[in-house]
Amino acid sequence: MLVMEIYRSIQGEGSLMGVPTTFVRFFACNLRCSWCDTKYSWSVREGGSWETLSPATVAERVAALGARHVVLTGGEPTLQKELPQLATLLKAQGYHLTVETNATIFPALAVPLIDLWSLSPKLPSAGSGANYLRHPVIEQFLHSLEPEHQQWKFVVRDAHDEQALRSLLEAHPLFKERRLPIIVQPEGDAALSDYPAALAWLAERVRDPFWDQYNVRVLPQLHVLIWGRRRLV
Ligand SMILES: Nc1nc2[nH]cc(C(=O)O)c2c(=O)[nH]1
Ligand code: SF4
Ligand SMILES: [Mg+2]
């Protein structure tokens, strides 16, 4: 497996925000989002470097750090062929596993092994508009996972993003029918200059009655609020 970094922090995003967590960050991504905060996972040119580790070695390093929650992220962690083997090892040790993914790849063997799929389809501000959305993959996740094993996390930067998000949700009725957890968060770079203002803008959007049909929450990225845009936090 191509591992960039393994470190301890607190989960900064989503429903487990604040929980002590070990992060395993894998190299490589199949997208190129404009506001990506881990561009160093893209290639050597962006500063990428990695170690090639077996799932057993990754599990040993996770054990050495001690936290009971583990987040597998990247880059795009579903590109790692040995993800099911790693998940099996970690589950046998009793860890709670979250995968942070862009939801463009459906890793069928890993899907039942993960406690929480944190799925982040990309809205237009990511750069390539609808090109980064894989609706059939979104459908596969929606139909394969029980509600407690999924959260959908969207970076919403502007009104265009919010409109695209509304369209996406309407295109997939399960979001509404099963009241699946939807998290909207500001785009980190833009928000950093005035995080309260970025959150306030999002909160105002979500006050619209449209959102009553959905199980939506506005959340910040806690680690960005605390430490800014640094590595290893
Ligand atoms: N503290 C912290 N929480 C996170 N949650 C998701 C992250 C990610 O990069 O996927 C992340 C991260 O990079 N740091
Ligand atoms: S999917 Fe995630 S890691 Fe990949 S380019 Fe987009 S923000 Fe960066
Ligand atoms: Mg991050």
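Quick caveat, the model's predicted, so the values are computed rather than measured. (Residues numbered from 1 in each chain as written. Chains lettered and ligands numbered in written order. Predicted model: local features only at pLDDT ≥ 70, side-chain atom pairs only at ≥ 80, totals over all residues. Heavy atoms only, no water.)

(A) A look at the overall build of the protein chain. Across its full length, the protein chain carries eight helices and nine strands. Taking 2.2 N^0.38 as the reference for a compact globule, 233 residues should give roughly 17 Å; the C-alpha atoms of the protein chain span a radius of gyration of 17 Å, in line with that estimate. Its C-alpha atoms give the protein chain principal-axis dimensions of about 50 × 40 × 30 Å. Across the 233 residues of the protein chain, 52% fall into the buried class. Within the structure as shown, the protein chain displays about 10200 Å² of accessible surface, and the carbon and sulfur contribution to it stands at 54%. (Helix = DSSP H or I, 4+ residues; strand = E, 2+ residues; numbered from the N terminus. Rg over C-alpha atoms; globule rule 2.2 N^0.38 Å. Buried < 20%, exposed > 50% of the residue type's maximum accessible area, 1.4 Å probe, protein only. Areas by Shrake-Rupley, 256 points an atom, 1.4 Å probe, with all protein chains shown as cover.)

(B) Region of interest: the UniProt feature "binding site: [4Fe-4S] cluster" (unreviewed entry) in the protein chain. The UniProt record marks Cys-29, Cys-33 and Cys-36 with the feature "binding site: [4Fe-4S] cluster" (unreviewed entry), using the residue numbering of this structure. Assignment of secondary structure puts Cys-33 in the loop between strand S2 (20-26) and strand S3 (51-52). Residues in contact with Cys-33, not counting those within four places in the same chain, are Lys-39, Trp-42, Lys-122, Ala-126 and Tyr-132. In this fold, Cys-36 is placed in the loop between S2 and S3. On the accessibility criterion, Cys-36 (18% relative accessible area) is buried. (UniProt positions renumbered as here; feature names shortened; annotations may be inferred. Contact = heavy atoms within 4.5 Å.)

(C) Quick look at the site of ligand 1. Around ligand 1, the surrounding shell consists of Tyr-7, Ser-9, Ile-10, Gln-11, Gly-12, Glu-13, Phe-23, Arg-25, Thr-73, Glu-100, His-223 and Val-233. A distance of 2.9 Å separates a nitrogen atom of ligand 1 from a polar backbone atom of Gly-12. Separating a nitrogen atom of ligand 1 from a side-chain N or O atom of His-223 is a distance of 3.4 Å. Bound to the protein, ligand 1 loses 93% of the 320 Å² it would expose on its own. Mapped by element, the contributors of at least two residues to the shell around ligand 1 are strand S1 (2-10) and S2. Considering every element that reaches the shell around ligand 1, the biggest residue donor is S1, with three residues. Here the residues of the shell around ligand 1 sort into four nonpolar, five polar and three charged. (Near = heavy atom within 4 Å. Polar contact = N/O pair within 3.5 Å; in protein donor to acceptor, adjacent residues only side chain to side chain. Nonpolar A, V, L, I, M, F, W, Y, C, P; charged D, E, K, R; others polar.)

(D) Representation of unusual backbone geometry. A cis geometry characterises the amide bond from Gly-74 onward to Gly-75, with omega recorded as 20°. Structurally, Gly-75 is set in the loop between strand S4 (69-73) and helix H2 (83-92). Of note, the phi angle at Ala-28 is positive, near 90°, even though the residue is not glycine. As for its placement among the helices and strands, Ala-28 is situated in the loop between S2 and S3.

(E) The arrangement of the site of ligand 2 in detail. Every residue lining ligand 2 is accounted for by Cys-29, Leu-31, Arg-32, Cys-33, Cys-36, Thr-38, Trp-42, Gly-75, Asn-102 and Lys-122. Considering only residue class, the shell around ligand 2 consists of five nonpolar, three polar and two charged.

(F) View of the confidence of the model for the protein chain. Taken residue by residue, the protein chain gives an average pLDDT of 97. The fraction at 70 or more is 99%. Among the scores for the predicted complex, ipTM is 0.99 and pTM is 0.98. (pLDDT = per-residue confidence, 0-100.)

(G) Main features of the nonpolar core. Membership of the largest hydrophobic core comes to 47 residues, with the highest contact counts inside it found for Leu-72, Leu-90, Trp-117, Phe-141, Trp-152, Phe-154 and Phe-175. Residue contacts for Phe-175: discarding those within four places in its chain leaves Leu-142, Trp-152, Leu-168, Leu-169, Leu-180, Ile-182 and Tyr-214. The next biggest cluster of nonpolar side chains, apart from the first, holds nine residues, and it includes Cys-29, Trp-35, Tyr-132 and Val-155. (Core = buried A, V, L, I, M, F, W, Y, C linked by side-chain atoms within 4.5 Å.)

(H) Here's a closer look at the packing of helix H1 (residues 55-65) against H2. Their axes nearest at 9 Å, the elements H1 and H2 cross at an angle of 40°. Comparing their axes, H2 and H1 come out oblique. For the crossing formed where H1 meets H2, the hand is right-handed. Across the interface between the two elements, Pro-55, Ala-56, Val-58, Ala-59 and Val-62 of H1 pack against Gln-85, Leu-86, Leu-89 and Leu-90 of H2. The residue makeup of the contact of H1 with H2, split by class, is eight nonpolar, one polar and no charged. (Axes fitted to C-alpha atoms, helices over the stretch in contact; angles between N-to-C directions. Parallel < 35°, antiparallel > 145°, perpendicular 65-115°, else oblique. Left-handed = near helix turned anticlockwise from the far one by under 90°.)

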